[in-house]
Amino acid sequence: GESVGLHLPTLSVQEGDNSIINCAYSNSASDYFIWYKQESGKGPQFIIDIRSNMDKRQGQRVTVLLNKTVKHLSLQIAATQPGDSAVYFCAENISGNQFYFGTGTSLTVIP
Amino acid sequence: ETGVTQSPTHLIKTRGQQVTLRCSSQSGHNTVSWYQQALGQGPQFIFQYYREEENGRGNFPPRFSGLQFPNYSSELNVNALELDDSALYLCASSPKGPSYNEQFFGPGTRLTVL
């Protein structure tokens with residue numbers, strides 16, 4: 001299968017700052033992407049998704065950007081809070097029933 | 001509405017043994033997917049069940065098998081356990097069939113193979 005990778009394995013930010021987490025994907029046929037948040041001892045939690053016919057989607061304090069030209073995704077978290085500390089994964093959907101996850105980025109918010 | 005639940009939470013087995021992990025999907029969710037998450041890695045898709053049949057499989061050997069029951073709950077069975085099978089096993093359910101929809105993950109079962 002195609003791989004999904006993240007540029008930065010760890011990220012530390014000050015509380016209140018904005019966070020940007022990046023993800024590269026390699027399958028140009030991928031048409032649906034999801035960002036997940038995984039806290040210690042828990043399963044991944046859906047944050048936001050985006051389809052390939054869009055280049056930006058906004059949620060509550062989060063924005064996902066998709067650049068299909070360079071096969072790159074980013075997750076922006078505004079006004080990062082201590083509760084945002086977790087591992088973040090991007091996942092790409094290639095066929096109707098399979099998602100491929102990247103390695104993940106560990107976000108630490110410094111109070 | 002109850003969330004996805006998995007049992008047991010932790011399990012220790014030895015090489016060569018067999019294990020069965022269980023998942024109860026969220027109420028009304030008819031599709032269940034299983035993932036293996038090794039330490040420090042992202043989840044890797046094992047397979048998905050829809051209407052009690054396997055509906056897609058990742059790159060896992062046949063000793064990984066599963067079932068889905070009429071109430072949509074599911075089991076993951078692993079035979080002839082190997083040390084590398086040590087991982088967090090996650091199940092995820094979705095409500096609208098095996099298309100690309102939001103999946104709701106359970107907390108996982110931590111399997112340790114000695």
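What counts as what
- Residues numbered from 1 in each chain as written.
- Chains lettered and ligands numbered in written order.
- Predicted model: local features only at pLDDT ≥ 70, side-chain atom pairs only at ≥ 80, totals over all residues.
- Heavy atoms only, no water.
- Helix = DSSP H or I, 4+ residues; strand = E, 2+ residues; numbered from the N terminus.
- Rg over C-alpha atoms; globule rule 2.2 N^0.38 Å.
- Contact = heavy atoms within 4.5 Å.
- Areas by Shrake-Rupley, 256 points an atom, 1.4 Å probe, with all protein chains shown as cover.
- Lys, Arg positive; Asp, Glu negative; His and termini not counted.
- Charge placed at Lys NZ, Arg CZ, Asp CG, Glu CD.
- Disulfide = S-S within 2.5 Å.
- Buried < 20%, exposed > 50% of the residue type's maximum accessible area, 1.4 Å probe, protein only.

S.K.: Describe the overall build of chain A, naming the residues involved and giving the relevant values.
M.R.: A tally of helices and strands in chain A yields zero helices and eleven strands. What you see in chain A, going N to C, is helices and strands ordered as β-β-β-β-β-β-β-β-β-β-β. Rg of the C-alpha trace for chain A: 13 Å, near the compact-globule value of 13 Å for 111 residues, within the 12% margin. Its C-alpha atoms put chain A at 40 × 30 × 20 Å along the principal axes. Considering only intrachain contacts with a sequence separation of at least 6, the fraction spanning at least 24 residues in chain A is 52%. Accessible surface, chain A as shown: approximately 5200 Å² in total, 47% of it carbon and sulfur. Of the side chains in chain A, 8 bear a positive and 9 a negative charge, and the two mean positions are spaced by 4 Å.

S.K.: Give me the overall build of chain B: which residues, what numbers.
M.R.: Of the regular secondary structure elements, chain B holds zero helices and eleven strands. Traced from its N-terminal end to its C-terminal end, chain B shows the element sequence β-β-β-β-β-β-β-β-β-β-β. Against the 2.2 N^0.38 benchmark of 13 Å for 114 residues, chain B shows a C-alpha radius of gyration of 13 Å, consistent with a compact globule. In terms of principal-axis extent, the alpha carbons of chain B reach across some 40 × 25 × 25 Å.

S.K.: So what's going on with the state of the cysteines? Residues and values would help.
M.R.: Summed over the entire model, instances satisfying the criterion amount to two disulfides over all chains. Across the disulfide from cysteine 23 of chain A sits cysteine 90 of chain A; the S-S distance is 1.7 Å. Between cysteine 23 of chain A and cysteine 90 of chain A, the disulfide has an S-S torsion of 45 degrees and is therefore right-handed. Of this pair, cysteine 23 of chain A sits in strand S3 (residues 19-25) while cysteine 90 of chain A sits in strand S9 (residues 86-95), placing them 67 residues apart in sequence. With relative accessibility at 0%, the residue cysteine 23 of chain A sits in the buried group. For cysteine 90 of chain A, a relative accessible area of 1% translates into the label buried. Bridging cysteine 23 of chain B to cysteine 91 of chain B, the disulfide has an S-S length of 1.9 Å. Disulfide cysteine 23 of chain B-cysteine 91 of chain B: the torsion about the S-S bond is 70 degrees, which places it as right-handed. Taken together, the positions of cysteine 23 of chain B in strand S3 (residues 19-24) and cysteine 91 of chain B in strand S9 (residues 87-94) put the pair 68 residues apart, joining distant regions of the chain. Judged on exposure class, the residue cysteine 23 of chain B and its partner cysteine 91 of chain B are both buried.

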